[in-house]
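# Structural characterization, general
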There are 2 protein chains.
Amino acid sequence: MRKIAVDAMGGDNAPKAIVEGVNQAIQAFPDIEIQLYGNQAAIEKYLMVSERVSIIHTDEKINSDDEPVKAIRKKKTASMVLAAKAVKEGEADAVLSAGNTGALLAAGLFVVGRIKGVDRPGLMSTLPTNDQKGFDMLDLGANAENTADHLHQYAILGSFYAKTVRHIANPRVGLLNNGTEETKGDPLRKETYALLSEDKTINFIGNIEARDLLSGVADVVVADGFTGNAVLKSIEGTAISIMGQLKTSIKSGGLKTKLGALLLKDSLYAMKDSLDYSSAGGAVLFGLKAPVVKSHGSSDAKAIFSTIKQVRTMLDADLVEQLTQVFAEGD
Amino acid sequence: MRKIAVDAMGGDNAPKAIVEGVNQAIQAFPDIEIQLYGNQAAIEKYLMVSERVSIIHTDEKINSDDEPVKAIRKKKTASMVLAAKAVKEGEADAVLSAGNTGALLAAGLFVVGRIKGVDRPGLMSTLPTNDQKGFDMLDLGANAENTADHLHQYAILGSFYAKTVRHIANPRVGLLNNGTEETKGDPLRKETYALLSEDKTINFIGNIEARDLLSGVADVVVADGFTGNAVLKSIEGTAISIMGQLKTSIKSGGLKTKLGALLLKDSLYAMKDSLDYSSAGGAVLFGLKAPVVKSHGSSDAKAIFSTIKQVRTMLDADLVEQLTQVFAEGD
């Protein structure tokens, strides 16, 4: 039985969307148990009773605008902190929250703790590509600065995830750079390029450019946290902007335009779905002693369900145990 | 009379698109003279004769896959190099090319030369926003590494451009960062934040995130060259990917979908236009002793015309003279 600690109070639609996602997951997966941390009365309002779900009541929670590290240290009984502590104390195998990302990163680092040999856990997501296969990118912003050694560790972590969770046999690892030639980039990129080229345990395919990410040029993309964060937010911002422009242009159009939009509805929805991160699961703070997974703040029940499914796959694959061994050997 | 040196041999559609763009500009602007550098016979095939256009023949040209610095040093009579030399020797006031970006950057730095006080000229473009007003962003990749002083200089350069060329009275300058709070970012961002806050000659509005760029959150966006390049390419890649997905989804749809697309044609084109960089002009290598402007490699005649118009505006505003004075005072 896999035990997942879920922060019921994090995210824009908490606790409703969180609890409804849990209901779906409990029905779909008979091999999981869920611990819901948060306000008991608010949770019970939406919860379908099951002997595989328990509620751990607390009145305290971390808000989206709380300063992350301070919040983790001061709000010792916040739902997110209790969920992380449950993992630390062996009562749960993984943590899931849709709340304050920075606070979850801090809880992961300071409460759950790093795998020995991983210097700076990175935030990783599976992002969508045109061919629907997706790619894993890290660090998406857990760190503001990284060294070449960190980036090398991200390549190993990302490869492992792509292999064991996404079942890609020999994942292509690309280094995000300002050009594809070997000589491109700043000293950080050049040093990383050398480290990745020498590591025969990964399938390093060289430098890749941000322009080619969505066409599926690599299965794993390695970036420093500052650039990874900027790229992720650029992709999101552009997608939102284009969909918004199309909407405005349809709204301000005449009858002909509106009829056209109606006829095109399926295609437009298909496009929106392909940009939809909710089915790809959450962002993993990767390199910790247990899966710590962040679901998008605007997650609905479906997104929470997908993230629980993803956590379950990570647990089934014994990802953390395998990584612990890999990084121990590397020492 | 403003004299513009144009590399007729650079870009995917050279010399046809270049010469046709020049034809349009010569007709539209009676106060400009154009020097076309390249193969005389190939140019004459498309050129409308005017006493304000001259051809300087050369057989040599820089290819898109040439190593930039080497190409500038070895191909001393390449069309791009001759155009840059014309500016250096006072025969022309500005250079325009749609060719090898790296080579044009090198020609700008080594042949045209920097304004005294500008340490690292940056590549700047006016990028589109939802409200059609656009924003100027630099550095987009002229440098792989930047210091806080460089970023401070970009804020001054960008503000000047927004004021004098785009006629924005008090341009809002934003620092691209991984969060909007003052304390965000790596040491480079924190140091830059302090410098920009102290400079009362610019209207610094604080940190901005890549997600908000296209919604017009700032008039000038300052970034290091590595991140700026990644963000620009992410925006381009995402736009191309979404338009491609929409096309595929329409093509594979039935009669209903195709009819819908036909009715929506105007809206879809309007959206495509708003993402179209060709009407916004070229990318300026900013901080040099004369305007050095790169038109997109795939430029058509319209894009070349727009870029010439942009160069003319920069010359009319005496931008370089003003900047020379500003940076001299700063010393």
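Below is a summary of the structure that appears in this document. Source: prediction; values computed, not measured.

Our focus in this paragraph is the nonpolar core. Among the nonpolar cores identified, the biggest contains 56 residues, and Ile34(B), Leu36(B), Phe286(B) and Ile308(B) are the most heavily contacted of them. Broken down by element, this core gets its largest block of residues, 9 residues, from helix H6 (residues 148–164) of chain B. Discounting residues that sit within four places of it in the chain, Leu36(B) has contacts with Val6(B), Ala8(B), Ile18(B), Val19(B), Val22(B), Ile43(B), Leu47(B), Val53(B), Ser54(B), Ile55(B) and Ile56(B). By size, the runner-up hydrophobic cluster in this structure holds 55 residues, among which are Ile32(A), Ile34(A), Ala148(A) and Leu196(A).

On to the side chain of Asn146(B), then. Residue and element names in this part refer to chain B. Along the chain, asparagine 146 falls in the loop between strand S6 (135–138) and H6. Looking at asparagine 146, the relative accessible area reads 11%, which means it is buried. At 3.1 Å, the side chain of asparagine 146 and the side chain of histidine 150 are in polar contact. A polar contact of 3.1 Å, which involves the side chain of asparagine 146, links it to the side chain of tyrosine 154. Not counting residues up to four positions away in its chain, the partners in contact with asparagine 146 are Arg120, Asp139, Leu151, Tyr154, Leu188, Asp224 and Gly225.

Superposition of the two copies of the chain requires a rotation about an axis and a shift along the axis. Under the fitted operation, chain B is carried onto chain A by 0.0 Å of movement along the axis and a turn of 180°, and the coordinates agree to an RMSD of 0.0 Å. Each copy turns onto its partner about a two-fold axis. Considering only C-alpha atoms, the part of chain B nearest the rotation axis is Gly260(B), at 1.8 Å. Mapped onto chain A, 100% of the interface residues of chain B again fall at the interface, so both copies present the same surface.

This part takes up the environment of Glu209(A). Considering the arrangement of structural elements, one finds Glu209(A) in the loop between strand S8 (203–208) and strand S9 (220–222). Given a relative accessible area of 13%, Glu209(A) falls into the buried group. Considered as a pair, Glu209(A) and Pro128(A) are 81 residues apart in the sequence and their alpha carbons are 16 Å apart. With residues up to four places along the chain from it excluded, the contact list for Glu209(A) reads Leu176(A), Asn177(A), Asn178(A), Gly179(A), Thr180(A) and Lys233(B).

Criteria and thresholds
- Each chain has its residues counted from 1, following the order in which its sequence is written.
- Each chain takes a letter, starting from A, and each ligand takes a number, starting from 1, following the order in which they are written.
- At least 70 in pLDDT is required for a residue's local features to be given in this predicted model, at least 80 for side-chain atom pairs to be given and counted, and no such filter applies to totals for whole chains, interfaces and linings, which use all residues.
- Side-chain metrics in this entry use all non-hydrogen atoms of the structure; hydrogen atoms and water are not considered.
- Only buried residues count toward a nonpolar core. Its members are Ala, Val, Leu, Ile, Met, Phe, Trp, Tyr and Cys residues joined through side-chain atoms within 4.5 Å.
- A simple rule labels every residue: compare its accessible area, found with a 1.4 Å probe on the protein chains alone, to the largest value its type can have, and call it buried under 20%, exposed over 50%, or partly exposed in between.
- Under the scheme used here, helices are H or I runs from DSSP no shorter than 4 residues and strands are E runs no shorter than 2 residues, and both carry numbers assigned from the N terminus.
- The criterion used for residue contact is that any of the two residues' heavy atoms lie within 4.5 Å.
- We define a polar contact as two N or O atoms separated by no more than 3.5 Å, with the added condition that, inside protein, one atom must be a possible hydrogen donor and the other a possible acceptor, whereas residues neighbouring each other in sequence contribute only through side-chain atom pairs.
- A least-squares superposition brings the copies together, and it is based on the C-alpha atoms of residues with pLDDT no lower than 70 in both.

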